[in-house]
Amino acid sequence: MKRAICIHGHFYQPPRENPWLEDIELQDSAYPYHDWNERITAECYAPNARSRIVDEQGFILRVVSNYERMSFNFGPTLLAWMEHAAPDVYAEVIAADARGAGHFGGHGPAISQVYGHVIMPLASRRDKETQIRWGIEDFRHRFGRDPEGMWLPETAVDLETLDLMAQQGLAFTILEPNQISAVRPVGLEDWSDVSGGRVDPTRPYLVRLPEGRSIAVFVYDGPVSQGIAFEGLLDDGDKYADRLLGLFGGDDHPQLVNVATDGETYGHHQEHGDMALAWALERIDAEPTVDLTVHGQWLELHPPTHEALIVENTAWSCVHGVDRWRTDCGCSSGMRPDWHQRWRAPLREALDWLRSELDPAFEAAGSEVFGDPWDARNAYIGPILDRASTDAFLETWMGRGPDHAEAVRALRLMELQRHAMLMYTSCGWFFDELSGIETVQVIEYAARAIQLAKEALDLDLEEGFVRRLSAAESNVAELGDGGAVFTRLVRPSRVTLAGVAAHYAVTSMFEDVDDETEVRAFDLIRTDHRFDASGPWQLGAGRVAVSSQITRERAEMIYGVLHFGDHNLTGGTKPAGPPRRYKELVDRIFAPFEQGDLPATLRELDSFFGSHRYTLASLFRDERQTIVNRIIEATVEDVAEQSRSAYEGRVPLLRFLTSLGVPLPDELTSTARMVLNRDLSQRLSDPDLDPGQVARLLEDAVQLGVSLDREGLGFKLAKTIESTLAELEEAPADLSLVGRATALVELSQRTQLEVDLTASQDIFFRLKEAVFAEMTTRTSGRARRWEAGFRELGAVLKVRVD
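Right, let's walk through the structure included here.

Cut-offs used in this document
- Residues numbered from 1 in each chain as written.
- Predicted model: local features only at pLDDT ≥ 70, side-chain atom pairs only at ≥ 80, totals over all residues.
- Heavy atoms only, no water.
- Helix = DSSP H or I, 4+ residues; strand = E, 2+ residues; numbered from the N terminus.
- Rg over C-alpha atoms; globule rule 2.2 N^0.38 Å.
- Buried < 20%, exposed > 50% of the residue type's maximum accessible area, 1.4 Å probe, protein only.
- Contact = heavy atoms within 4.5 Å.
- Areas by Shrake-Rupley, 256 points an atom, 1.4 Å probe, with all protein chains shown as cover.
- Axes fitted to C-alpha atoms, helices over the stretch in contact; angles between N-to-C directions.
- Parallel < 35°, antiparallel > 145°, perpendicular 65-115°, else oblique.
- Left-handed = near helix turned anticlockwise from the far one by under 90°.
- Pairing = 2+ DSSP bridges.
- Core = buried A, V, L, I, M, F, W, Y, C linked by side-chain atoms within 4.5 Å.
- Expected span 1.5 Å × (residues − 1).
- Lys, Arg positive; Asp, Glu negative; His and termini not counted.
- Salt bridge = Lys/Arg side-chain N within 4 Å of Asp/Glu carboxyl O.
- Polar contact = N/O pair within 3.5 Å; in protein donor to acceptor, adjacent residues only side chain to side chain.
- Phe/Tyr/Trp six-rings, centres within 6.5 Å; stacked < 30°, edge-to-face > 60°.
- Lys NZ or Arg CZ within 6 Å of the ring centre and 35° of its normal.

1. Topic: the overall build of the protein
- Along its length, the protein carries 28 helices and 20 strands.
- At 30 Å, the protein has a C-alpha radius of gyration in line with the 28 Å of a compact globule built from 802 residues.
- Taking all 802 residues of the protein together, 55% fall into the buried category.
- Here the analysis covers contacts within the protein between residues at least 6 apart in sequence; of these, 70% occur between residues at least 24 apart.
- About 33,000 Å² of surface is accessible on the protein, with carbon and sulfur atoms providing 49% of the total.

Right, dumping it as structure tokens:
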């Protein structure tokens, strides 16, 4: 292997989980998906696991895994989400590493990543060590082997980080050309200046580290990597392959063409970028004089013959070193060029102050609990990866099995440190605005650390943190500063055991809830429940034990809720206390309710719970949205029926006016828009939808010039087609399902809706591979009809059947 190409993808999304719930709540900006992780998985991570090789007519010939033939890293927090939220994609990523090792001389294509995507040169030495150790352990847990290399977030680098990586046995990392200042052949004294990106990227370099250690550094080709991300190289797989193949020079030394970019480029940032990558890999793999490789294999075959000096405190996404994560350096997303980033420095300063308060207090308390609290923190990745290992962790680091109170305090201390590191996630500074979702996320991590410090250390840091954060100026005038962001956007997300009990109580007014259930990261056991209804009014009360799956803190709460109908309800929770307290609550609120005295019932609720009161707004975001939608649906139904009657009565007039080219008044088009979008939404979600009926509604929308929710309606149709293909996969001989699936796909192609058939194509491809050959051996008339129908379905899905 003398000439080889290595394409690296850095697949990463910032952690998006509510720090108290350990789950991602609904993100409206990701519509029609639930959240951005889900959306980007559909647009990028899943397509790269099952990318298409197509013929000149665009028909799918083969489905391949790009991960198997490229170098890649996934953010550990992203993989943790994917493991439970997209397990099929997660399994394919893990399997691709094992299969890829067969292509690359036993070297898997996956490399590890620093755990929490912090900018390592700005981190403390202790945090650097933990981030590296956690990244390695996460990789071992998922891929079942030791990582050879590690991706540094934003490629931000300093010698201390590289030294800590080398101490942990990591062999290499990947840097940007401008991060190398000088090189020389191993054994020679004189250095050659290669600053300004003039380094030769076709060879690995040895970096000498303190205390005699060293690590290899690969330098990706900067111009080509930029071209992949920003200059349209992914418009055509042949163009991409030709560009890479044209990078080899006339030198006779072994040459590695080495490119790297964000993995999301392949499908999320550039639609169908995964297919361009798949075809480029196919082309390169077919070249007789060039090999595909990964860094570990190349390093084994061609150890560094040159060494390099790095430019410390630099990164690939900031031309000012690492200032993007601490000052208004001028680097931004470019989406709002009129916005400043002066908020970055105060945000960094507020977090650094918080860490300076937390760490000494943690060390003092942790020394009493764990002996060496920092080594214990390094080992805490075990419970993070598998909460079932928490008991073993506590026994190991506390020297015994602790009682419940001791375990809670120990786990609060560890969680405090986990969130104190997550609050440095680089995405908090990367974008343009203090109140953006990524920046609010890191402030939420800080708020969770503050809460845990109060509970575990009796240390109240909120006022000092908010005061410092208030120096951060928002670009959004109505927010003003970081103090307002904390008060209005962060504090409402905070969750307590009482809040979890309130969520459970309010939910019980709208739907049946189990006596034993799980709500996000909490377990609930209801030991008593009383309920009564009178007309539209409902009254409920109960006792429920709430416990955290993370810190094991627990409390028994009593609750009472009065529902007036629709969105109007009020209730409260408080610690259960002795049994007589719950009996007092029941007696005080149910007696007047049974007499029909609603004002007295409300007064008793208010008196009993005082300020510990809750409303529909107390529900967690997803459940609140579900219930609100239900209330809206009931309210809108009457309006919709009236609008439908008015619309249907005026359809002939509307069509006549349209045929004359007469602009329709807004009053008529708004009614038509409401009715058609609503009717289509209902029909497209129906598994037994009538394609002809839907087609007529779509035709009306076109004729009347009505704007449709193309993305949302297309999403629903895609899901209906996918469910039909899933039924066919379970019963492949069902000829009626073949015909139905064909009709639905044909419908999707006649509309202007945005219908993504990727998942349906995947199912069909699996079905073709599994049953087509066997089914076509049958000679009955039904079998011939099935084959013809199956071929027709393949044609409309653009999948070659033969």
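2. Regarding the packing of helix α10 (residues 344-370) against helix α17 (residues 462-469)
- α17 packs onto α10 with a crossing angle of 160 degrees between their chain directions and a minimal axis gap of 8 Å. Judged by the angle between their axes, α10 and α17 are roughly antiparallel. Between α10 and α17 the crossing geometry is right-handed. Along its contact with α10, which presents Pro346, Leu347, Ala350, Leu351, Trp353 and Leu354, the element α17 presents Gly464, Phe465, Arg468 and Leu469.

3. Focus: the sheet that holds strand β8 (residues 180-185)
- Strand order in the open sheet made by the six strands is β7-β11-β10-β14-β8-β9, with mixed pairing throughout. A strand with exactly one partner marks an edge of an open sheet, and here the two such strands are β7 (172-175) and β9 (192-193).
- Judged from the two bridges that link them, β8 and β9 form a sheet pairing that is antiparallel. When the sheet's bridge partners are listed, alanine 182 is paired in β9 with aspartate 193.
- With respect to the sheet, helix α5 (residues 159-167) is in contact with β7, β10 (205-208), β11 (214-219) and β14 (306-310), its orientation differing from that of β11 by roughly 115 degrees.

4. Describing the sheet that holds strand β16 (residues 522-534)
- Taking strand neighbours across the sheet as the criterion, the six strands line up as β15-β16-β17-β18-β19-β20 in an open arrangement whose pairing is antiparallel. Of all strands in the sheet, those bounded by a partner on one side alone are β15 (516-519) and β20 (613-614).
- Where β16 meets strand β17 (residues 537-548), 12 bridges bridge the pair, whose relative direction is antiparallel. In the strand pairing of β17, phenylalanine 522 is matched with serine 548.

5. Structural notes on the nonpolar core
- Ranked by size, the top nonpolar core spans 121 residues in total, and within it Ile180, Ile443 and Phe465 carry the most contacts.
- Other than its neighbours up to four places away in sequence, isoleucine 443 contacts Leu347, Leu434, Phe465, Leu469, Val485, Phe486 and Val490.
- With 49 residues, the next largest nonpolar core counts Phe11, Val89, Val93 and Val290 among its residues.

6. Digging into helix α3 (residues 87-103)
- Given a rise of 1.5 Å per residue, 17 residues ought to cover 24 Å, and the 25 Å separating the end C-alpha atoms of α3 matches this to within 8%.
- Listed as buried for α3 are Val89, Tyr90, Val93, Ile94, Ala96, Asp97, Gly100 and Ala101.
- Taken together, the buried residues of α3 touch α1 (36-49), β4 (71-74), α2 (76-85) and α4 (125-143).
- Once α3 ends, the next one or two residues include glycine 105, with phi positive near 60 degrees.

7. Overview of the side chain of aspartate 274
- Residue placement: aspartate 274 occurs in helix α8 (residues 273-286).
- Although aspartate 274 lies buried, it forms no salt bridge, and the closest oppositely charged side chain, arginine 52, sits 6.2 Å away as judged by the N-O distance.
- Only 2.7 Å separates the side chain of aspartate 274 from the side chain of serine 51, close enough to count as a polar contact.
- Every residue in contact with aspartate 274, bar those within four places of it in the chain, is listed here: Pro47, Asn48, Ser51, Asn66, Tyr266 and Gly267.

8. Notes on the packing of aromatic side chains
- For the structure on display, the rule yields 23 aromatic pairs.
- A ring pair is formed by tyrosine 33 and phenylalanine 715, whose centres lie 4.9 Å apart and whose planes are at 75 degrees; its orientation type is edge-to-face. A residue pair is termed long-range when its members are at least 10 positions apart, and tyrosine 33 in the loop between β1 (3-11) and α1 and phenylalanine 715 in helix α25 (residues 710-730) qualify at 682 residues.
- Between phenylalanine 430 and phenylalanine 431, the aromatic rings sit 5.1 Å apart at their centres with planes inclined by 70 degrees, giving edge-to-face as the arrangement.
- On the basis of relative accessibility, which here comes to 30%, the residue phenylalanine 431 falls in the partly exposed class.
- Linked through ring pairs, Phe11, Tyr45, Tyr67, Phe72, Phe74, Phe139 and Phe143 together constitute an aromatic cluster.
- Against the face of tryptophan 429 rests arginine 348, its NZ or CZ located 4.3 Å from the ring centre.
- The ring of phenylalanine 590 has arginine 530 sitting right over it, with the charged end atom 4.6 Å from the ring centre.

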